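Residue-level listing of the chains:
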Protein chains: 2
Amino acid sequence: MKVVGLDEIRPVATPALIFPAVRAALIAHAEGRTVVPPPMVLDFPRGDCHVKAGYLAGSPYFAVKTAGTFDAGNNGLMLVLDAAAGGPVALLADEGMLTAWRTAAAGALVTDAMTPLDVDEIAVVGTGEQALLQVLWLRELRAVSRVQVWGRRSDAVDTLCAQFAAAGIKAVAGSGRWGAACVITTTSAREPLPFELFQDAVHITGIGTDMPGKCELPIEVFDGALVATDDHEQCLDHGDFGNAVRAGVVAPDIDVAVGAVLRDGADRERRSIADLTGIGAADAAVAGAVVDQLSG
Amino acid sequence: MKVVGLDEIRPVATPALIFPAVRAALIAHAEGRTVVPPPMVLDFPRGDCHVKAGYLAGSPYFAVKTAGTFDAGNNGLMLVLDAAAGGPVALLADEGMLTAWRTAAAGALVTDAMTPLDVDEIAVVGTGEQALLQVLWLRELRAVSRVQVWGRRSDAVDTLCAQFAAAGIKAVAGSGRWGAACVITTTSAREPLPFELFQDAVHITGIGTDMPGKCELPIEVFDGALVATDDHEQCLDHGDFGNAVRAGVVAPDIDVAVGAVLRDGADRERRSIADLTGIGAADAAVAGAVVDQLSG
């Protein structure tokens, strides 16, 4: 039983390791080669914690991970267990970073796969960790010429713009009538974001709606769009897709699997939405890859 | 972050520590002072794993635990996390024993609370670990003069009888027309056990029906009985109580909480059933008590 801290994890948990692991997990999930029970959510006085679990058929491991959002900050870990005997293999005390990176990788993969090839300006909505990471990981896959940052707090927008600048990416505070063909939403909103943010969007990736009660995308954007979900049932239950279905904007069976999009490609000229709620199979794949890398 | 093995856990995880922790958790759960999401179940080629989580209001910790049943044996662990900041506090690598002990404690508490005071002969159905532990832990609370052991495999019955004898408890293989006023079922059955096993029962405690598809008790035994459930929704979803409700034998609102029985007592003269599916709050309470004891 190894306990591995973030200092040991960071050097091996590179995009080169995480992208293939997440991609394989999403495709396996689309093909029914995973075991992913519905996640657990615990609400506390000063935060909440999501517990996810997953297994990829044929893997020697399964994983149980926690991802907590607390007043004191985010935290989390991944517990890797032996899929043949149930015992602990390793505890990755990653302080929530593996969840952050796998979320960024999943978003970047599907954003890249569904957005027209000539689009190189991205709007991000939200100013948290994922607003930065979604773009940084996307830039590993395609050119990003400029980022618009949309947020309610101008100081947080300025800080994020500075972070992008430090990473060599031109960033401007979103305002007025600007719009982008590719919009990534990363908020913890519980009401739909303003429709105007999406009026020029050809592709939208939403990663913030990860539990019941949350809501980022105005339901109108779903009308006529190609919709990709990372997990059909989860997205129906608590994703933005589910919000649109319950409102009667789209039927509950119009979505395609993100994994199928990654495997087969998608019509990039069609307006599209990717609804990501986060799947335990991606956690299991990333945790397993880290363990293999550390022990290899 | 401490990793604590079974050798360190065993000396502190005594009935004196576990009984009060489980009792407090069941009562807190009955009073709505817990956070317990529905558990996760993962099925593997060679076993399954249940993941539970729980939090008791006011505790500095919450817990996520795994309990696996594999061809290679049972295994499990309890992860204790900081309820204010989400970080790991301790990993109790208990090899599944804390789950076994808290299950035995919960069963013994409710069996003792609902069984007439003069009943001192117990029938156990099943020959696994819990068949032994349910009686050993019950004996911490009341006299047990004799145990009938009912099982399909006579060699396993004989082995268990020998284990009881070694613990100073007279045990006999169940057969023919024998019956007991108190019956504890501990099997992994997926079909109802024979009704004859319960024909003399004044109290039944069922602990084996812990996931969808399992079934120990014939639905007829519920008719007219006082029914106590450790978690109303869980027992409706996948306990024997739920099986009886779906069959129309009893209404879905006739049950009382096990925690209320422990707090207020029950009419011991009335025929009764305790349906235990196992709650994450009990795991959290036991794990927290062990951590406190080890660090105190």
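Residues numbered from 1 in each chain as written. Chains lettered and ligands numbered in written order. Predicted model: local features only at pLDDT ≥ 70, side-chain atom pairs only at ≥ 80, totals over all residues.

Asker: Let's hear about the overall build of chain A: which residues, and what values?
Answerer: Within chain A, the secondary structure is distributed over 9 helices and 15 strands. For a compact globule of 296 residues, the expected C-alpha radius of gyration is about 19 Å, and chain A comes in at 18 Å, within 12% of that figure. With the C-alpha coordinates of chain A rotated into their principal frame, the extents come out at 55 × 40 × 40 Å. Burial analysis of chain A (296 residues in total) assigns 56% to the buried set. (Helix = DSSP H or I, 4+ residues; strand = E, 2+ residues; numbered from the N terminus. Rg over C-alpha atoms; globule rule 2.2 N^0.38 Å. Buried ≥ 20, exposed ≤ 12 C-beta atoms within 10 Å, placed from the backbone.)

Asker: Requested: an account of the relation of the copies chain B and chain A, with residues and values cited.
Answerer: Mapping chain B onto chain A calls for a rotation angle of 180° and an axial translation of 0.0 Å; the resulting RMSD is 0.0 Å. In short, the pair behaves as if placed about a two-fold rotation axis. Of every C-alpha in chain B, the one belonging to M40 of chain B sits nearest the axis of rotation, 3.7 Å from it. A share of 100% of the interface residues of chain B reappears at the interface of chain A, consistent with the copies meeting face to face through the same patch. (Least-squares fit on C-alpha atoms with pLDDT ≥ 70 in both. Contact = placed C-beta atoms within 7 Å.)

Asker: Which residues make up the domain arrangement of chain A, and what values do they have?
Answerer: Residue and element names in this part refer to chain A. As far as domains go, chain A holds domain 1 (2-100 + 280-295) and domain 2 (106-275). Computed from C-alpha atoms alone, the centre-to-centre distance between domain 1 and domain 2 is 23 Å. In this assembly, 14 residues from domain 1 lie in contact with 17 residues from domain 2. It is helix α2 (residues 15-30) that contributes the most residues to the side of domain 1 that touches domain 2, 8 residues altogether. The class makeup of the residues in the side of domain 1 that touches domain 2 is 10 nonpolar, 2 polar and 2 charged. (Domains from an automatic or database assignment. Nonpolar A, V, L, I, M, F, W, Y, C, P; charged D, E, K, R; others polar.)

Asker: Could you give me a rundown of the interface of chain B and chain A, with the residues and numbers involved?
Answerer: At the interface, 35 residues of chain B touch 35 residues of chain A. Broken down by secondary-structure element, the contributors of at least two residues to the side of chain B that touches chain A are β3 (40-44), β4 (47-56), β5 (61-70), β6 (73-82) and β7 (88-93) of chain B.

Asker: Give me the lowdown on the sheet that holds strand β8 (residues 121-125) of chain A, citing residues and values where you can.
Answerer: What holds strands together in a sheet is hydrogen bonding between their backbones, with the strands either parallel or antiparallel. All names here are of chain A. Pairing is parallel in the open sheet, where 8 strands are placed in the order β10-β9-β8-β11-β12-β15-β13-β14. A strand with exactly one partner marks an edge of an open sheet, and here the two such strands are β10 (171-173) and β14 (256-257). One ladder, built from 5 bridges, connects β8 with strand β9 (residues 146-150); its direction is parallel. Within β9, the residue paired with E121 across the bridge is R146. Helix α3 (residues 97-114) contacts β11 (182-185), β12 (203-206), β13 (226-229) and β15 (272-275) of the sheet and is inclined by roughly 170° relative to β12. (Pairing = 2+ DSSP bridges. Axes fitted to C-alpha atoms, helices over the stretch in contact; angles between N-to-C directions.)

Asker: Summarise the nonpolar core; cite the residues concerned and give the values.
Answerer: Membership of the largest hydrophobic core comes to 208 residues, with the highest contact counts inside it found for V22, V80 and L92 of chain A together with V22, V80 and L92 of chain B. Not counting the four nearest positions on each side in its chain, V80 of chain A is found in contact with Y61, A63, V89, A90, L92, A287, G288 and V291 of chain A. (Core = buried A, V, L, I, M, F, W, Y, C linked by C-beta atoms within 7 Å.)

Asker: Now, about the sheet that holds strand β15 (residues 272-275) of chain B: what can you tell me, with residues and values included?
Answerer: Residue and element names in this part refer to chain B. Taken in spatial order, the 8 strands line up as β10-β9-β8-β11-β12-β15-β13-β14 in an open sheet, and their pairing is parallel. Since the sheet does not close on itself, it has two edges, and those belong to β10 (171-173) and β14 (256-257), each with one partner. Strand direction decides the pairing type here: strand β13 (residues 226-229) and β15, joined by 4 bridges, are parallel. Bridge assignment links A228 to a residue of β15, and that residue is A274.

Asker: Lay out the environment of L141 of chain B in plain terms, naming residues and giving numbers.
Answerer: Residue and element names in this part refer to chain B. As for its position among the elements, L141 is in the loop between α4 (129-139) and β9 (146-150). Given 15 C-beta atoms within 10 Å, L141 falls into the partly exposed group. Considered as a pair, L141 and A113 are 28 residues apart in the sequence and their alpha carbons are 9.6 Å apart. Here L141 is in contact with A108 and D112, once residues within four sequence places are set aside.

Asker: Give me the packing of α3 of chain A against helix α4 (residues 129-139) of chain A: which residues, what numbers.
Answerer: All names here are of chain A. Put simply, α3 and α4 touch, their axes get as near as 8 Å, and they point 50° apart. Overall, the two elements α3 and α4 adopt an arrangement that is oblique. Taken as a pair, α3 and α4 cross one another with a handedness that is right-handed. Side by side, α3 and α4 meet where A100, T103, A104, A105, G107, A108, T111 and D112 of the first sit next to E129, Q130, L133, Q134, W137 and L138 of the second. Partitioned by chemical class, the residues of the contact of α3 with α4 number 7 nonpolar, 5 polar and 2 charged. (Parallel < 35°, antiparallel > 145°, perpendicular 65-115°, else oblique. Left-handed = near helix turned anticlockwise from the far one by under 90°.)

Asker: Pulling in residues and values, what's your account of the confidence of the model for chain A?
Answerer: When the pLDDT values of chain A are averaged, the result is 96; 100% of them are 70 or greater. Note on the complex model: pTM 0.91, ipTM 0.89. (pLDDT = per-residue confidence, 0-100.)

Asker: Give a description of the pairing of strand β4 (residues 47-56) of chain A that names residues and reports values.
Answerer: Residue and element names in this part refer to chain A. For β4, a buried count of 8 out of 10 residues is recorded, marking the element as mostly surrounded by other parts of the structure. Bridge count for strand β2 (residues 34-35) against β4 is 2 bridges, and the pairing is antiparallel. Note on β4: the bridge partner recorded for T34 is L56. As paired elements, strand β3 (residues 40-44) and β4 share 5 bridges and run antiparallel to each other. Each bridged residue has a counterpart across the sheet, and for F44 the counterpart in β4 is G47. Examined bridge by bridge, β4 and strand β5 (residues 61-70) share 8 bridges and lie antiparallel to one another. Bridge pairing in β5 places C49 opposite G68. Adjacent in sequence and paired antiparallel, β4 and β5 are bridged by 4 residues, among which G58 carries a positive phi angle near 90°.

Asker: Before we move on, can you summarise the packing of helix α2 (residues 15-30) of chain B against helix α9 (residues 280-295) of chain B with the specific residues and values?
Answerer: Packed helices, taken two at a time, are described by the angle their axes make and the gap between the axes. All names here are of chain B. Interhelical geometry of α2 versus α9 gives an angle of 140° and a closest axis separation of 8 Å. As the angle between them shows, α2 and α9 are arranged oblique. The interaxial crossing formed by α2 with α9 has right-handed handedness. Counted together, L17, I18, A21, V22, A24, A25, L26, A28 and H29 of α2 and A281, A282, A284, A285, V286, A289 and Q293 of α9 form the full contact between these two elements. Residues of the contact of α2 with α9, tallied by class, amount to 14 nonpolar, 2 polar and no charged.

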